[in-house]
Amino acid sequence: MSFIRGQKFSILPALSVDGVIALDIFEGAVNKKKFIGFLHEQVAPKLTPFPGPHSAVVIDNCAIHHDEDVRHIIEGLCGMCSVK
């Protein structure tokens, strides 16, 4: 078996109980600029205040997820949303 090195792609999905609500596929690695842009442009506009649909954001423990810009986007654009 041989492997061919080449292009690498990343996927940023946002899932809900209804399915995929936002998706970005791009060449290269996820960095702060890409992640923040995805949250700001695709995820935050679909968030609603609790207990409405899309009112909770669950992310893993990746270091970029703890950035203050993430908190500002989620809390600022969603209104009543908060990051814990």
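Everything below is about the structure shown above.
Structure report, in brief. (Residues numbered from 1 in each chain as written. Predicted model: local features only at pLDDT ≥ 70, side-chain atom pairs only at ≥ 80, totals over all residues. Heavy atoms only, no water.)

Quick notes on the nonpolar core
(1) Moving on: Within the largest apolar cluster, 16 residues are counted, with the highest numbers of intra-cluster contacts made by Ala14, Phe35, Phe38, Leu39, Val43 and Val70.
(2) Moving on: For this core, the secondary-structure elements that each account for two or more residues are strand S1 (9-16), strand S2 (19-27), helix H1 (32-43) and helix H2 (68-78).
(3) Moving on: A per-element tally of this core places H1 first, with five residues.
(4) Moving on: Excluding residues within four positions of it along the chain, valine 70 makes contact with Phe35, Ile36, Leu39, Ile64 and His65. (Core = buried A, V, L, I, M, F, W, Y, C linked by side-chain atoms within 4.5 Å. Buried < 20%, exposed > 50% of the residue type's maximum accessible area, 1.4 Å probe, protein only. Helix = DSSP H or I, 4+ residues; strand = E, 2+ residues; numbered from the N terminus. Contact = heavy atoms within 4.5 Å.)

A few points about a nonpolar patch on the surface
(1) Moving on: Together, Phe9, Ile11, Leu15, Val20, Leu23 and Ile25 give the surface a local cluster of nonpolar side chains, amounting to about 640 Å² of exposed area.
(2) Moving on: Going through the elements one at a time, S1 and S2 are the ones with two or more residues in the nonpolar patch.
(3) Moving on: Mapped onto the secondary structure, isoleucine 11 falls in strand S1.
(4) Moving on: Its relative accessible area of 54% is what places isoleucine 11 among the exposed residues. (Patch = residues over 30% accessible without salt bridge, like charges linked within 9 Å, V, L, I, M, F, W, Y side chains within 5 Å. Areas by Shrake-Rupley, 256 points an atom, 1.4 Å probe, with all protein chains shown as cover. Salt bridge = Lys/Arg side-chain N within 4 Å of Asp/Glu carboxyl O.)

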